[in-house]
Amino acid sequence: MTEPIRSIEVDTTSLQHFIEVLGAVGQRPEGGIVRPVYSPAWVEAREQLAAFMHAAGLDVREDAMGNLFGRLHGSDESQTILTGSHFDTVPLGGKFDGALGILAGIVALQALRESLGKPRRSLEVVALCEEEGSRFPAHCWGTKGILGRIDPVEFDEVRDAQGITIAEAMRVVGLAPERYREAIRTDVAAFLELHIEQGRILFDEGINLGIVTAITGLQHLWITVKGRADHAGTTPMDLRRDALQGAAQMALELTHLVEQAGRPAVVTLGKWEVKPGAVNVVPGEVSFSVDVRHPEEETLQRLCAAIQARCEAIAQERHLSISIEITGKSLPRKMDPGLQAELVKAAEACGASWKWLPSGAGHDSQIMTRHLPTAMLFVPSVEGRSHSSDEYTTAEDAARGASVLATALSLLAY
């Protein structure tokens, strides 16, 4: 007879204390946190996280990239089960994105140490140094360092808005970029990341947890539409080659096209440039961004092809020229079925309701899953808010997610 799975309960009070203390680091008077990688606020946050890890009874160290680890040593040191997330923020971000995954990992490992003792396989919680790309165009920099995916030319070529190279920024905080290869790990057997959903499906449906099926793929397009700039008062409407009207029609029709595909397909047109940009001149050139996402590669490619075809057809109908540049592309990444099954067992052992859910945002797990078994656990975001000072997850939901994480880690390491 199969023995029932023991649920592991974390210390809710400690978790909430950690959330509030860390959430004050980089907090601005107008609301929101500014904590980009290798900044003074980032350094302060890392020191605070190290103190939390020490208090939880973990062995603490940093690597050459600035990632911070808290380790619970196992009898087999050759294999490590890793959990955690990132602690940098978007400008004026919230205190749950990324950070909750680290803090949940700390209280999970503390609960495991206190209730089950030494694990068979070593457990670690990682505070990944960077994910958001809010200072440098270097998304998931810490994860890439762990996986050995850093190109050495990046250290002197990647710069922030002030022209500071990422190598210079590392040296300011006491890191030696030339030692970056020392961050590479070969002992990690699996990675689990707890994260806020950043959407509102769990919140709206009243479900405790999301077990992630896949992380969305995306394609970024930069579309430039050219017509002819003319006088706004003397050019009849039927003789105009108005680039903005053509681009506006494209925006409406491609949005409708993606809406027809249904959830979880999404498209965003967030950046626009209009030339010459004068009140009394018919726009001669308009450029706009397209961000289209879907967790299934075939559907993503079909949507992108349909968007391009429709925009080209509208340009032809309106006697406009068009150019379409693919400026970014990321394939969908499926989570590991074996780890997903462990999360399901853990959720049910803890009495938590759950559903399968794709991730519409990118995460460190998207990089991890290319190299090792990876899974993600979502907790609800109130009203789906994220990347905002209004971002919030209730104490109950945070603690429940951390307990499920601890229970899943117990299945993997004990």
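Everything below is about the structure shown above.
Criteria and cut-off values
- Residues numbered from 1 in each chain as written.
- Predicted model: local features only at pLDDT ≥ 70, side-chain atom pairs only at ≥ 80, totals over all residues.
- Heavy atoms only, no water.
- Helix = DSSP H or I, 4+ residues; strand = E, 2+ residues; numbered from the N terminus.
- Rg over C-alpha atoms; globule rule 2.2 N^0.38 Å.
- Buried < 20%, exposed > 50% of the residue type's maximum accessible area, 1.4 Å probe, protein only.
- Contact = heavy atoms within 4.5 Å.
- Areas by Shrake-Rupley, 256 points an atom, 1.4 Å probe, with all protein chains shown as cover.
- Lys, Arg positive; Asp, Glu negative; His and termini not counted.
- Charge placed at Lys NZ, Arg CZ, Asp CG, Glu CD.
- Expected span 1.5 Å × (residues − 1).
- Polar contact = N/O pair within 3.5 Å; in protein donor to acceptor, adjacent residues only side chain to side chain.
- Core = buried A, V, L, I, M, F, W, Y, C linked by side-chain atoms within 4.5 Å.
- Patch = residues over 30% accessible without salt bridge, like charges linked within 9 Å, V, L, I, M, F, W, Y side chains within 5 Å.
- Salt bridge = Lys/Arg side-chain N within 4 Å of Asp/Glu carboxyl O.
- Axes fitted to C-alpha atoms, helices over the stretch in contact; angles between N-to-C directions.
- Left-handed = near helix turned anticlockwise from the far one by under 90°.
- Nonpolar A, V, L, I, M, F, W, Y, C, P; charged D, E, K, R; others polar.

1. Some words on the overall build of the protein
Moving on, step 1. The number of helices and strands found in the protein is twelve helices and 14 strands.
Moving on, step 2. Taking 414 residues into account, the globule formula puts the C-alpha radius of gyration at 22 Å, and the protein, at 24 Å, falls close to it.
Moving on, step 3. Looking at the protein as a whole, 54% of its 414 residues are labelled buried.
Moving on, step 4. The contacts in the protein between residues at least 6 apart in sequence include a share of 79% that link residues at least 24 apart.
Moving on, step 5. Accessible area of the protein: about 17,800 Å², with a carbon and sulfur share of 50%.
Moving on, step 6. Each charge sign in the protein was given a centre, from 39 positive and 55 negative side chains, and these centres are 3 Å apart.

2. Focus: helix α8 (residues 243-261)
Owing to its 3.6 residues per turn, the α-helix aligns residues three or four sequence positions apart on the same side.
Moving on, step 1. In a regular helix each residue adds 1.5 Å, so 19 residues correspond to 27 Å; α8 covers 27 Å between its end C-alpha atoms and thus fits that length.
Moving on, step 2. All of the buried residues in α8 are A243, G246, A247, Q249, M250, A251, L254, L257 and V258.
Moving on, step 3. Those residues of α8 hidden inside the fold are in contact with β7 (217-226), β8 (266-268), β9 (272-275), β10 (285-294), α9 (297-317) and β11 (321-330).
Moving on, step 4. You can read the cap of α8 off the contacts: a side-chain oxygen lies 2.8 Å from the backbone nitrogen of L244, and it is on D242.
Moving on, step 5. A positive backbone phi angle near 80° is found at G262, which sits one or two residues after α8.

3. Considerations on the side chain of R71
Moving on, step 1. Looking at the secondary structure, you find R71 in strand β2 (residues 68-72).
Moving on, step 2. Among the polar contacts listed, one links the side chain of R71 to the side chain of T80, at a separation of 3.1 Å.
Moving on, step 3. A distance of 2.9 Å separates the side chain of R71 from the side chain of E124, its partner in a polar contact.
Moving on, step 4. The residues touching R71, leaving out its near neighbours within four places in the chain, are L58, D59, E77, T80, S122, L123, E124, R185 and D187.

4. Brief notes about the nonpolar core
Moving on, step 1. The biggest cluster of nonpolar side chains holds 79 residues, and the ones touching the most others in it are Y38, L49, I106 and W141.
Moving on, step 2. Once residues lying within four places of it in the same chain are set aside, the contact partners of Y38 are M65, C129, R135, F136, W141, I166, A169, M170, V173 and L175.
Moving on, step 3. The next biggest cluster of nonpolar side chains, apart from the first, holds 25 residues, and it includes V258, V267, C304 and A315.

5. Notes on a negative patch on the surface
Moving on, step 1. Taken together, the side chains of D151, D156, E157 and E168 present a region of like negative charge at the surface.
Moving on, step 2. Summarising the element assignment, D151 is placed in the loop between α4 (141-147) and α5 (154-157).

6. A word on the packing of helix α1 (residues 12-23) against helix α3 (residues 99-116)
Moving on, step 1. At their nearest, the axes of α1 and α3 sit 10 Å apart, and the two run at 145° to each other. Crossing of α1 against α3: the hand is right-handed. Within the contact between the two elements, α1 uses S14, L15, F18, I19 and L22 and α3 uses A99, L100, L103, A104, I106 and V107.
Moving on, step 2. Classifying every residue of the contact of α1 with α3 gives ten nonpolar, one polar and no charged.

7. Focus on the side chain of E132
Moving on, step 1. Looking at the secondary structure, you find E132 in the loop between β4 (121-128) and α4.
Moving on, step 2. Lacking a salt bridge, the buried E132 has R35 as its closest oppositely charged neighbour, with an N-O distance of 9.3 Å.
Moving on, step 3. The residues touching E132, leaving out its near neighbours within four places in the chain, are H86, D88, T89, V90, D97, H139 and H387.

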